[in-house]
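# What the coordinates show
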Amino acid sequence: MTLQSIINKRELKHLVHFTTTLNLESILKHGLYSHLDSENDVVDAYINDGERLEGLKNGICLSLTFPNSKMFYSCRQRGIYPDWCVLVLDINILQEKDCLFFDTNAAFGKFRNVNLENLATAQALDSLFADEIQNKDGLLQRSNSLLTNDTTDVQAEVICMEHIEPRYIQGAIFNSNNLMNLYGTNYPDKRFVSHQGKWGVFDNRINARANGYKGVS
């Protein structure tokens, strides 16, 4: 079993990362940096989750195919930042960068004493799509409504332990036609999409899938 075989089997096309649009100009120019880099003034950034309870501030939290809709909704409800976007990232990050794979939220206690090397394997990546996942609510059964490339738990994480350069950022999804048009004009080499008035990544994943949304795939 290899990372590439899992990517092929699960038809993985993209990683995603949600952020406030206040960070977008910097990300498109300089790439994605970790919280630790921000704290050390390597880059200026508006932080979504300052606590990082999993203890990996030197990593960048990503999701496969669909963002962590539970956390994304919670961040938006705080009302700290006016606009948000979901970055769409090249799947080759999985093989070209040092990544760790968590089948549920990385802060969950079952990962506390796990050797990080065991979370960087093809088997660890494959476990994100298991028929049954142990998370903080108990045992989660994989839903039949999910796409092949949806992780079993929407809170599953890929944590990239390296800087992600701008070349890996393919574009972004907004909940605003105006923002899509603005960034599309300023960055014609990237792809920008609006989900304003549509089902998509700004919704609960179960509801989005039930209503026919099949991206980001």
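Up top is the structure.
Throughout what follows, the structure given in this document is the object of discussion. If you're wondering where the values come from, they're calculated on a predicted model, not measured in any experiment.

Rules used in this analysis
Residues numbered from 1 in each chain as written. Predicted model: local features only at pLDDT ≥ 70, side-chain atom pairs only at ≥ 80, totals over all residues. Heavy atoms only, no water. Salt bridge = Lys/Arg side-chain N within 4 Å of Asp/Glu carboxyl O. Helix = DSSP H or I, 4+ residues; strand = E, 2+ residues; numbered from the N terminus. Buried < 20%, exposed > 50% of the residue type's maximum accessible area, 1.4 Å probe, protein only. Contact = heavy atoms within 4.5 Å. Core = buried A, V, L, I, M, F, W, Y, C linked by side-chain atoms within 4.5 Å.

Here we take up the pattern of salt bridges. Per the stated rule, a full pass over the model turns up five salt bridges. Across the pair Asp103 and Lys110 runs a salt bridge, and its minimum N-O distance is 2.9 Å. Two residues, Arg209 and Asp150, come together in a salt bridge whose shortest N-O distance is 2.8 Å. Remark: Asp150 occurs in the loop between strand 6 (138-141) and strand 7 (157-160) and Arg209 occurs in helix 8 (residues 205-210); sequence separation between them is 59 residues. This pair shows no difference in class: Arg209 is buried, exactly as Asp150 is.

Note that His195 resides in the loop between strand 9 (191-194) and helix 8. Looking at His195, the relative accessible area reads 7%, which means it is buried. Beyond its immediate chain neighbours, meaning those up to four positions away, His195 contacts Ile173, Phe174, Asn175, Gly200, Val201, Phe202 and Tyr213.

Attention now moves to the environment of Lys214. With respect to the helices and strands, Lys214 occurs in the segment after helix 8. For Lys214, a relative accessible area of 56% corresponds to the exposed category. Each C-alpha atom of the pair Lys214 and Asp150 lies 10.0 Å from the other, and the pair is 64 residues apart in sequence. The contacts of Lys214, once residues within four sequence positions are left out, are Leu147 and Arg209.

Now for the nonpolar core. In a soluble, globular protein the nonpolar side chains are often hidden away together inside. Membership of the largest hydrophobic core comes to 37 residues, with the highest contact counts inside it found for Leu15, Leu62, Leu64, Leu87, Ile93, Leu94 and Phe101. Here Ile93 is in contact with Leu15, Leu62, Cys99, Cys160, Ile164 and Tyr168, once residues within four sequence places are set aside. Judged by nonpolar contacts, the second largest core, of 15 residues, contains Phe18, Val201, Tyr213 and Val216.

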